[in-house]
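Notes for the structure review
Spelled out from the first residue to the last, the chains are:
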Amino acid sequence: MTNAPRPYESYVYAYPHKTAYRPLADRPALRELWADERKDALSLYLHIPFCEVRCGFCNLFTRIGAPDELTTRYLDALDRQATAVADALHARAATGVRFAAAAFGGGTPTFLDAGELERLCDIAEKRMGADLRAVPLSVETSPSTATADRLSVLAERGATRVSIGVQSFVEEEAKAAVRPQRRSDVEAALGRIRDARIPVLNIDLIYGIDGQTPESWRLSLDAALAWRPEELYLYPLYARPLTPLGRRAHPSEAGWDAQRLDLYRRGRDHLLAQGYEQVSMRMFRRSGAPREGADDYACQTDGMIGLGCGARSYTSDLHYSFDYAVGMREIRSIIDAYTTTEDFSRAEVGRAVDADEARRRHLLQSLLQAEGMAVEGYRERFGSRPADDFPAELDRFADLGWLDTDTGPGLLRLSPTGLAYSDALGPALFSPAVRAAMASYEAK
């Protein structure tokens, strides 16, 4: 078998990544971008770029705190953007505009207080026309912001899923990940979420933290399982550039890779034994639990409306957003510029998605799901077969033992080893052009 690459190259949660986006010289009008798109089953994402602390591993587009009524000014801008986007969607709509799913992410959406969350829901419903009580609505939260009044608003407005970033129930590990928190506060937050009776609770945990052992990892897993969460996400720790952990020294890469891979397998096997099914490398769902949101990597088709300065929007041939940064100074500057923007009628930053990139995106995001990808569905969409479009890549995956050899020719599915190496497999499907754009991106 070919020597396996490193298992932890990059977490592929969207393709192409925003580091491949560039300013759009023609600044296309949104009404033209969306004129010929299907708009009967759109996804809506509202981005809140505020957190109470900056975790050591976090490279999300978020800032600490919101001084001088910044949340109010941000929601004002979000309202203006929603109005412009809704006008563009309806301008030349041959069919009705309908949203099939919604999510509030960040940052930490529950950084907003209860009244501000009400306003956020109003923007989604009254400006965009999303019926939040009729579609899956997922909201991210944190232990310190999952307060009873905020959760009550979310439950009443239709939230079907709450995802809480715990990362570790071991206080020393949380501190090592630059996420200081007391376990008692985490447990209290989980109790409040359960009291709110939101159908799906997801708990995020991280493995590979400095000082973490198989025993302490098992402790966190069991502490999470005590709440019988409908979903669990197990994330490998990454030390990314411009993050607090990215500036620290780490064990040898080979040793750290081996530790993370071992902890991943232990976590996977423990959850499977406890009645959970594996949906992707990261996502596990309790057997019989309701499906109240999109599965991990389930965005093969287009039709995403993102509102907020860190959100992406997807049409069939263009992905677009605003400028991207990780460093605090740059993030603050981008947020400030967003709050003073009056005209949201054009796309500013993005990347075109041609036929080859669309094929790569579909294959990548489908194959990274544990259930695999139906070859016929790919053929119906693109008029070709994945083996014809990506023979070298698929042959390499087979040589590495990443493909399940027990499936028939109609299904492409990863083996357990392939799922474990998802963060190597995903980047292997990036196009040369996207790789070059990402490599030339200057981190800021």
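Quick note: structure is the one above.
Reference entry: report on the structure contained in this document.

Let us now look at the environment of Phe430. As for its position among the elements, Phe430 is in the loop between helix 15 (422–428) and helix 16 (432–440). For Phe430, a relative accessible area of 9% gives the class buried. It is 8.5 Å that separates the C-alpha atoms of Phe430 and Arg361, two residues lying 69 residues apart in sequence. Not counting residues up to four positions away in its chain, the partners in contact with Phe430 are Val12, Tyr15, Arg360, Leu364, Arg435 and Met438.

A word on the pattern of salt bridges. A full pass over the atoms with the stated rule returns 29 salt bridges. Its salt-bridge partner being Asp222, residue Arg218 comes within 3.3 Å of it at the nearest N-O pair. Taken together, the positions of Arg218 and Asp222, both in helix 7 (residues 214–225) and 4 residues apart, correspond to about one turn of that helix. In this structure Asp222 comes out as partly exposed when scored by relative accessible area, which is 35%.

On to helix 11 (residues 375–382). Since the α-helix turns once every 3.6 residues, residues separated by three or four places project in the same direction. Buried within helix 11 we find Val375, Tyr378 and Phe382. Angular distribution of buried residues about the axis of helix 11 spans 60 degrees; they occupy a single face of the element. Of the surrounding elements, those touching the buried residues of helix 11 are helix 10 (355–367), strand 16 (373–374), helix 12 (386–389) and strand 17 (411–412). Looking one or two residues beyond helix 11, the residue adopting positive phi is Gly383, at roughly 75 degrees.

So, on to the environment of Trp34. Within the fold, Trp34 resides in the loop between helix 1 (30–33) and strand 2 (42–48). Put simply, Trp34 and Tyr314 are 280 residues apart on the chain and 9.6 Å apart in space, counted from C-alpha to C-alpha. Excluding its chain neighbours within four sequence positions, the residues that come into contact with Trp34 are Lys39, Leu42, Leu89, Gly303, Met304, Ile305, Tyr314, Thr315 and Tyr320.

Next up on the list: the packing of helix 2 (residues 70–91) against helix 3 (residues 114–127). Their axes nearest at 10 Å, the elements helix 2 and helix 3 cross at an angle of 10 degrees. Overall, the two elements helix 2 and helix 3 adopt an arrangement that is roughly parallel. Contact residues: Thr71, Thr72, Leu75, Asp76, Leu78, Asp79, Ala82, Thr83 and Ala86 in helix 2; Glu116, Arg119, Leu120, Ile123 and Arg127 in helix 3. Partitioned by chemical class, the residues of the contact of helix 2 with helix 3 number 6 nonpolar, 3 polar and 5 charged.

What follows deals with the packing of aromatic side chains. The full count for this structure, using the stated rule, is 17 aromatic pairs. Their ring planes at 80 degrees and their centres at 6.4 Å tell us that Tyr8 and Tyr238 sit as a pair that is edge-to-face. Here Tyr8, found in the segment before strand 1 (22–23), pairs with Tyr238, found in the loop between strand 9 (231–236) and helix 8 (253–273); they are 230 residues apart in sequence, far enough to count as distant. Side by side, Tyr8 and Tyr238 carry an identical accessibility label, which is buried. Among the aromatic residues, ring-to-ring pairing joins Phe50, Tyr74, Phe111, Phe322, Tyr338 and Phe344 into one connected group. Above the face of the Tyr238 ring, Arg260 is positioned so that its terminal group lies 5.7 Å from the ring centre. Across the ring face of Trp256, the terminal group of Arg260 is positioned such that the distance to the ring centre comes to 3.8 Å.

Before going further, it helps to spend a moment on the nonpolar core. Core analysis: the biggest nonpolar cluster contains 127 residues, and Leu44, Met128, Leu205 and Ile305 have the highest contact counts within it. Per element, the largest residue contribution to this core is 11 residues, and it comes from helix 2. The residues contacting Leu44, other than those within four sequence positions of it, are Phe99, Ala101, Ala102, Ala103, Ala124, Met128, Ala130, Ile305 and Leu307. Counting 5 residues, the second-largest nonpolar core is a separate cluster that includes Ala14, Tyr21, Met304 and Tyr314.

Of note, Arg194 is situated in helix 6 (residues 183–195). For Arg194, a relative accessible area of 25% gives the class partly exposed. Remark: the alpha-carbon pair of Arg194 and Tyr8, spanning 186 residues in sequence, is separated by 34 Å. Those residues within four positions of Arg194 in sequence are excluded, and the remaining contacts are Pro199, Leu201, Trp227, Arg228, Pro229, Glu230 and Arg286.

Consecutive side chains along a regular strand alternate between the two faces of the sheet. Burial of strand 14 (residues 318–321) is two-sided: the residues Leu318 and Tyr320 facing one way and the residues His319 and Ser321 facing the other way are all buried. Note: strand 13 (residues 313–314) against strand 14, 2 bridges, orientation antiparallel. By the bridge assignment for strand 14, Ser313 is matched with Tyr320.

Along its 12 residues, helix 9 (residues 328–339) runs 17 Å from first to last C-alpha, staying within 8% of the 16 Å computed at 1.5 Å per residue. Considered for burial, the residues of helix 9 that qualify are Ile331, Ile334, Ile335, Tyr338 and Thr339. The arc enclosing the buried residues of helix 9, seen along the axis, measures out at 135 degrees, which places them on a common side. At its buried positions, helix 9 is contacted by strand 4 (63–64) and helix 2.

As a packed pair, helix 10 and helix 11 sit with axes 11 Å apart at the nearest point and diverge in direction by 160 degrees. Put simply, helix 10 runs roughly antiparallel to helix 11. As for the relative orientation of helix 10 and helix 11, their crossing is right-handed in sense. Where helix 10 approaches helix 11, its residues Ala358, Arg359, His362 and Leu363 are matched on the opposing element by Tyr378, Arg381 and Phe382. In the contact of helix 10 with helix 11, the residues fall into 4 nonpolar, 1 polar and 2 charged.

Cis geometry marks the peptide bond from Tyr15 to Pro16, where omega comes out at -5 degrees. Here Pro16 is to be found in the segment before strand 1. Here the residue pair Gly106 and Gly107 is connected by a cis peptide bond, since its omega of 15 degrees sits within 30 degrees of zero. Of note in this structure, Arg27 is not a glycine but carries a positive phi near 40 degrees. Following the sequence through the fold, Arg27 ends up in the loop between strand 1 and helix 1. The class for Arg27 is partly exposed, based on a relative accessible area of 32%. With a phi close to 50 degrees, Arg228 is a non-glycine residue in the positive phi region.

Parameters at a glance
- Once a new chain begins, its residue numbering starts again from 1 and follows that chain's sequence as written.
- Two thresholds apply to this predicted model, a pLDDT of at least 70 for residue-level local features and 80 or more for giving and counting side-chain atom pairs, whereas whole-chain, interface and lining totals are computed over all residues.
- Just so you know, side-chain values use all the structure's heavy atoms and leave hydrogens and water out.
- Each helix corresponds to a stretch of at least 4 residues labelled H or I by DSSP, and each strand to a stretch of at least 2 residues labelled E; elements are numbered beginning at the N terminus.
- Only protein chains enter the accessibility calculation, which uses a 1.4 Å probe; a residue is then buried when its area is under 20% of its type maximum, exposed when over 50%, and partly exposed in between.
- Whether two residues are in contact is decided by their heavy atoms, any of which lying within 4.5 Å being enough.
- When a carboxyl oxygen of Asp or Glu is within 4 Å of a side-chain nitrogen of Lys or Arg, the pair counts as a salt bridge.
- This arc corresponds to the set of directions leading from the helix axis out to the C-beta atoms.
- Axis angles are defined between N-to-C directions and span 0 to 180 degrees, where every axis is a line fitted to C-alpha atoms and, for a helix, only to the segment in contact.
- These descriptions rest on fixed angle ranges, namely under 35 degrees for roughly parallel, over 145 for roughly antiparallel, 65 to 115 for roughly perpendicular, and the rest for oblique.
- Each residue is assigned to one class: nonpolar for Ala, Val, Leu, Ile, Met, Phe, Trp, Tyr, Cys and Pro, charged for Asp, Glu, Lys and Arg, and polar for all the others, Gly among them.
- Pairing of aromatic rings covers Phe, Tyr and Trp, the last counted by its six-membered ring, and requires centre-to-centre distances within 6.5 Å; plane angles under 30 degrees mean stacked, over 60 mean edge-to-face, and any other angle means tilted.
- The criterion for a charge sitting over a ring is simple: Lys NZ or Arg CZ within 6 Å of the ring centre, and within 35 degrees of the ring normal.
- Put simply, buried Ala, Val, Leu, Ile, Met, Phe, Trp, Tyr and Cys residues joined by side-chain atoms within 4.5 Å make one nonpolar core.
- In this scheme, strands are said to pair when DSSP sees at least two bridges between them.
- In this scheme, a helix's expected span is set at 1.5 Å multiplied by one less than its residue total.
- Each helix crossing is assigned a hand: it is left-handed if the near helix lies turned anticlockwise from the far helix by less than a right angle, otherwise right-handed if that turn is clockwise.

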